[in-house]
Amino acid sequence: MTEPSRPHPVPSPPRPGPGGVVAGPARPAVPVGDPAPDEVAARFADLAQRPVGEHVAVFEAEHDRLKRELGTIDQL
C-alpha cells in the first residue's frame, strides 16, 4: 500500500499593507468621461466598518448609477 501524500500548503489571503490597504491588481486605464477610480472606490471604502444590513443599499445605489451610465451608451 502506498503512503498518503503530504498535504500541500494553502496560500493565505493577501495581507493589508500600509494604512490597512490590501494590494490588488493594477488599475486599468480609465476611459474619458468615467469617474476617477478613486471616486468609485470611495463609494465602497467604508463597507467593512458598516453593518452588513447597510451593504445592500450601497450596492443598489452603485447598480442604479451604472444602469444610468449604461443607458446613455446609445447616445454616443
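See above for the structure.
In this report, the structure presented in the accompanying data block is examined. (Residues numbered from 1 in each chain as written. Predicted model: local features only at pLDDT ≥ 70, side-chain atom pairs only at ≥ 80, totals over all residues. Heavy atoms only, no water.)

## Considering the pattern of salt bridges
Spelled out, the test is: We count a salt bridge whenever a side-chain nitrogen from Lys or Arg sits within 4 Å of a carboxyl oxygen from Asp or Glu. What counts as a helix is a DSSP run of H or I of at least four residues, what counts as a strand is a run of E of at least two, and both are numbered from the N terminus. Burial status follows relative accessibility: with a 1.4 Å probe on protein chains alone, a residue under 20% of its type maximum counts as buried, one over 50% as exposed, and anything between as partly exposed.
Under the criterion given, the structure shown has four salt bridges. For Arg43, the salt bridge goes to Glu62, with nearest N and O atoms at 3.6 Å. Remark: Glu62 occurs in helix α2 (residues 52–71) and Arg43 occurs in helix α1 (residues 37–44); sequence separation between them is 19 residues. Under the relative-accessibility criterion, Arg43 is labelled partly exposed at 32%. Note on Glu62: relative accessible area 8%, which makes it buried. In this structure, Arg65 and Glu62 form a salt bridge, with 2.7 Å as the shortest nitrogen-oxygen distance. One end of the pair is Arg65 and the other is Glu62, both in helix α2 and three residues apart, which spans about a single turn. Judged by relative accessible area, which is 13%, Arg65 ranks as buried. Among the charged side chains, a network of salt bridges with common partners joins Arg43, Glu62 and Arg65.

## Quick notes on α2
Our working rule: For a helix, the expected span equals 1.5 Å multiplied by the number of residues minus one. The directions from the helix axis to the C-beta atoms are what the arc is built from. Residue contacts are counted whenever heavy atoms from the two residues lie within 4.5 Å of one another.
For α2, with 20 residues, the first-to-last C-alpha span of 29 Å sits near the 28 Å given by 1.5 Å per residue. Those residues of α2 lying buried are His55, Val58, Glu62 and Arg65. Down the axis of α2, the buried set is contained in an arc of 95 degrees. They therefore lie on one face. Across α2 from its buried face, at more than 90 degrees, point the exposed residues Gly53, Arg68 and Gly71. Lining the buried residues of α2 we find α1.

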